[in-house]
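Here's the letter readout for the chains.
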Amino acid sequence: MKLLGDYHTHTTYTHGKSTVEENVMQAANLGLKEIAITEHSYKGFNHIKRGDLDKIKADISGIKDKYDIKILCGIEANLVSTEGDIDITDEELKCLDLVILGFHKFTKVSFRQFFKFVLPNLLNFKPSKARIRRNTEAYIKAMDKHRVSILAHLGYAGCKVDCVRLAEECVKRGIYIELNGKRINFSKEEISAMVDTGVKFIIDSDAHSKLAVGKNHRAFNLIEKYKIPLNQVANIDKTPKFK
């Protein structure tokens, strides 16, 4: 099993410790074929500023012929409402190679959505069926309304979802479910049920320093332990195609 791409990495443009080039150099040294720079979008706690996407693209353009690796420019967008709203415009999404979507703890949202969507998850009480359904529908609405390539770290920050239903919806849309290098919140039963849907997983480091690029022992251990078919992992021995 060889990982050929890492599609979730951060740099000094947000709260990463390494530059774009340092991440790329590390990925190339590891023998990866592709790497994506995917900073947090505008309403997160650590986020890019207006104009940073152009700077990141310029950084990528300046080194694209220097290393034997394909460099992608993406974004980690925040899910900010029960209606599937995100914190970046659809016009900006058109200019990116991929779009990661996730729920985060410290995201700027409207007053109403803070109490309706964010706070109930942050309190992290045992989730009710209604809350799980509401969270799941928020992701589905976002996938319907916006361009999405990857669902990141599902279940993070108390935002419990029906991951099997999301897997079914991802199959319809050609969207990948991430096995995150820092947090994987799926049970054995959920993994098995998601595999049965035919969904494609993607292994990402969620690196915040160059030394973490291309590293994800949790995902590889989970794949072996629960026997996830390798043909359902988009970046083992192959590279994915993002819609």
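Bear in mind that the values here come from a model prediction, so they are computed numbers and not experimental data. (Residues numbered from 1 in each chain as written. Predicted model: local features only at pLDDT ≥ 70, side-chain atom pairs only at ≥ 80, totals over all residues. Heavy atoms only, no water.)

K.L.:
Tell me about the nonpolar core, and please be specific about residues and values.
P.N.:
Residues I75, I88, Y139, L151, I177, M194 and I203 are the most contacted members of the largest nonpolar core, which totals 64 residues. With 5 residues, the single largest contributor to this core is helix α5 (residues 129-145). Ignoring any residue separated from it by four or fewer positions in sequence, one finds L151 in contact with L101, Y139, M143, L166, C170, I175, Y176, I177 and E178. Ranked by size, the runner-up nonpolar core spans 11 residues in total, among them A152, Y176, I202 and F242. (Core = buried A, V, L, I, M, F, W, Y, C linked by side-chain atoms within 4.5 Å. Buried < 20%, exposed > 50% of the residue type's maximum accessible area, 1.4 Å probe, protein only. Helix = DSSP H or I, 4+ residues; strand = E, 2+ residues; numbered from the N terminus. Contact = heavy atoms within 4.5 Å.)

K.L.:
Could you give an account of a nonpolar patch on the surface, with specific residues and numbers?
P.N.:
A grouping of F111, F114, F115 and L122 is seen on the molecular surface, where their side chains present a nonpolar patch of about 410 Å² in accessible area. Within the secondary structure, F114 sits in helix α4 (residues 111-123). (Patch = residues over 30% accessible without salt bridge, like charges linked within 9 Å, V, L, I, M, F, W, Y side chains within 5 Å. Areas by Shrake-Rupley, 256 points an atom, 1.4 Å probe, with all protein chains shown as cover. Salt bridge = Lys/Arg side-chain N within 4 Å of Asp/Glu carboxyl O.)

K.L.:
I'd love a proper account of the packing of helix α1 (residues 20-29) against helix α2 (residues 52-63), names of residues and values included.
P.N.:
The contact between α1 and α2 brings their axes to 10 Å, and the two run at 45°. In terms of orientation, α1 lies oblique with respect to α2. In this structure, α1 meets α2 at a crossing whose hand is right-handed. Here α1 contributes V20, E21 and V24 to the contact with α2, which in turn contributes D59, I60 and I63. (Axes fitted to C-alpha atoms, helices over the stretch in contact; angles between N-to-C directions. Parallel < 35°, antiparallel > 145°, perpendicular 65-115°, else oblique. Left-handed = near helix turned anticlockwise from the far one by under 90°.)

K.L.:
Describe in detail the side chain of N121, supporting the description with residues and values.
P.N.:
By the element assignment, N121 lies in helix α4. A polar atom in the side chain of N121 sits 2.8 Å from the backbone oxygen of F117. When near neighbours in sequence (up to four residues on either side) are disregarded, N121 contacts F103, R131, N135, A157, G158, C159 and K160. (Polar contact = N/O pair within 3.5 Å; in protein donor to acceptor, adjacent residues only side chain to side chain.)

K.L.:
Could you give an account of the pattern of salt bridges, naming the residues involved and the relevant values?
P.N.:
A complete count under the given rule lists 12 salt bridges for this structure. Residue K55 is joined to D52 by a salt bridge in which the shortest nitrogen-to-oxygen separation is 4.0 Å. Note that K55 and D52 are positioned in helix α2 at a spacing of 3 residues, about one turn of the helix. Of the residues examined, D52 reaches a relative accessible area of 8% and is grouped as buried.

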